[in-house]
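Letter by letter, the chains look like this.
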Amino acid sequence: EPEVTQTPSHQVTQMGQEVILRCVPISNHLYFYWYRQILGQKVEFLVSFYNNEISEKSEIFDDQFSVERPDGSNFTLKIRSTKLEDSAMYFCASSEDAAPGTQYFGPGTRLTVL
Amino acid sequence: TQLLEQSPQFLSIQEGENLTVYCNSSSVFSSLQWYRQEPGEGPVLLVTVVTGGEVKKLKRLTFQFGDARKDSSLHITAAQPGDTGLYLCAGAKTSYDKVIFGPGTSLSVIP
C-alpha cells in the first residue's frame, strides 16, 4: 500500500542552525501539507501546498519556514534558524484530488533543537 | 476559530468491553476523519465521513457523523488490547483544506 515517507526520522540540531525535513508524498497525490506536534500537545497545521505554491499557512509558519517541491517526488520543509521552541514532531501529509479531507500522514521527523 | 473537542480525554477499560468516544465542535465540517496515533509515530487514518448522519464500520469500529456535521462518534465493540492508542478526530472545512485536530482520546485496554 502506498505511503508517505519522511527523512530523517530524528534530527538533532543546535539553536540557530538551518534544518531541512524531507517528505515523499504518495505518488498520485496533488495536495501536500506539513503539521507539527509539540510533545503532549495537539497536531497543528503549518502549511498546505498545491500546484507548486502555498495554498494556506498558519501563524506558526513565519518567515523562518519555507517549503519546496524541488522535483516530482520530494516535498521539503526548511527552518532557516531553529529555535528551542521548534522542537517537535513534524508530519508531512498528502491527499489526492478526489478524496475530500482525506490526508495520509507520514511517520514524522522528531526535531530536537538544543 | 474552529475547535474540536474530544471526550473522554482518557479511557481505561477491560478487554471485551464496549466503548464510545465523542468528537464535538460548534463549527460545521465538510468531512471528519478519525486517526489513531501510536507514541512517536504519525496519525494513521481510520476513516473519513462526509455525509451528515453517515455511519461507517471498520471491523469492530463504528463511526458516525452527526446530522449537522458538527460532531462524530467512534464506538468500539469488544475492545482488545491491540486497540490501545490515541484516537484523534480531525475535521476539514473544505475538500482540500487543512485538517483541524482534536486533542485526542487516550484509550487503554487492559487484558
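One structure accompanies this document, and this report is about it. These numbers were taken from a predicted model, which means no experiment stands behind them.

Analysis parameters
Residues numbered from 1 in each chain as written. Chains lettered and ligands numbered in written order. Predicted model: local features only at pLDDT ≥ 70, side-chain atom pairs only at ≥ 80, totals over all residues. Heavy atoms only, no water. Core = buried A, V, L, I, M, F, W, Y, C linked by side-chain atoms within 4.5 Å. Buried < 20%, exposed > 50% of the residue type's maximum accessible area, 1.4 Å probe, protein only. Helix = DSSP H or I, 4+ residues; strand = E, 2+ residues; numbered from the N terminus. Contact = heavy atoms within 4.5 Å. Pairing = 2+ DSSP bridges. Axes fitted to C-alpha atoms, helices over the stretch in contact; angles between N-to-C directions. Disulfide = S-S within 2.5 Å. Buried area = accessible area lost by both parts, 1.4 Å probe. Salt bridge = Lys/Arg side-chain N within 4 Å of Asp/Glu carboxyl O. Polar contact = N/O pair within 3.5 Å; in protein donor to acceptor, adjacent residues only side chain to side chain. Nonpolar A, V, L, I, M, F, W, Y, C, P; charged D, E, K, R; others polar.

Residues and elements named next belong to chain A. Counting 22 residues, the largest nonpolar core has W34, L46, F61, V67, F75, L77 and Y90 as the members making the most contacts within it. Of all the secondary-structure elements, those providing two or more residues to this core are β3 (19-24), β4 (31-37), β5 (43-50), β7 (65-68), β8 (75-79), β9 (88-95) and β11 (109-113). Once you skip the residues sitting within four places of it in the chain, L77 turns out to touch V19, I20, L21, W34, L46, F61, F65, S66, V67 and Y90.

Below, the discussion takes up the sheet that holds strand β1 (residues 5-7) of chain A. All names here are of chain A. As summarised here, the arrangement of the four strands in space is β1-β3-β8-β7, forming an open sheet in which the pairing is antiparallel. This sheet does not close on itself; its edge strands, each paired only once, are β1 and β7. Pairs of neighbouring strands in the sheet enclose a mean axial angle of 20°, with direction left out of account. In the sheet, β7 pairs with β8 via four bridges, with the strands oriented antiparallel. Looking at the pairing, V67 lines up with L77 of β8.

This part covers the state of the cysteines. Formally, a disulfide is one covalent bond, and it connects the sulfur atom of one cysteine to the sulfur atom of another. Residue and element names in this part refer to chain B. Throughout the structure, instances matching the rule amount to two disulfides over all chains. Disulfide partner of C23: C89, at an S-S distance of 2.0 Å. Of note, the bridge from C23 to C89 carries an S-S torsion of about 70° and is right-handed in sense. On the criterion of sequence distance, the pair formed by C23 in strand β3 (residues 19-24) and C89 in strand β9 (residues 85-92) is long-range, its members being 66 residues apart. Accessibility expressed as a relative area gives 1% for C89, which makes it buried.

Listed by partner, the interface residues are 22 residues for chain B and 22 residues for chain A. Both sides of the chain B and chain A interface together cover about 1,700 Å² of buried area, and 56% of this is carbon and sulfur. Among the residues of chain B in contact with chain A, Y96, K98 and F101 of chain B are the three that bury the most area, contributing 35% of the side total. Along the contact surface separating chain B from chain A lie one salt bridge. A salt bridge links E56 of chain A to K98 of chain B; its shortest N-O distance comes to 2.5 Å. Counting every contact that joins chain B to chain A gives six residue pairs in polar contact (both at pLDDT 80 or more). No other element matches the four residues that strand β4 (residues 31-37) of chain B contributes to the side of chain B that touches chain A. Looking at the side of chain B that touches chain A residue by residue, the class counts come to 11 nonpolar, eight polar and three charged.

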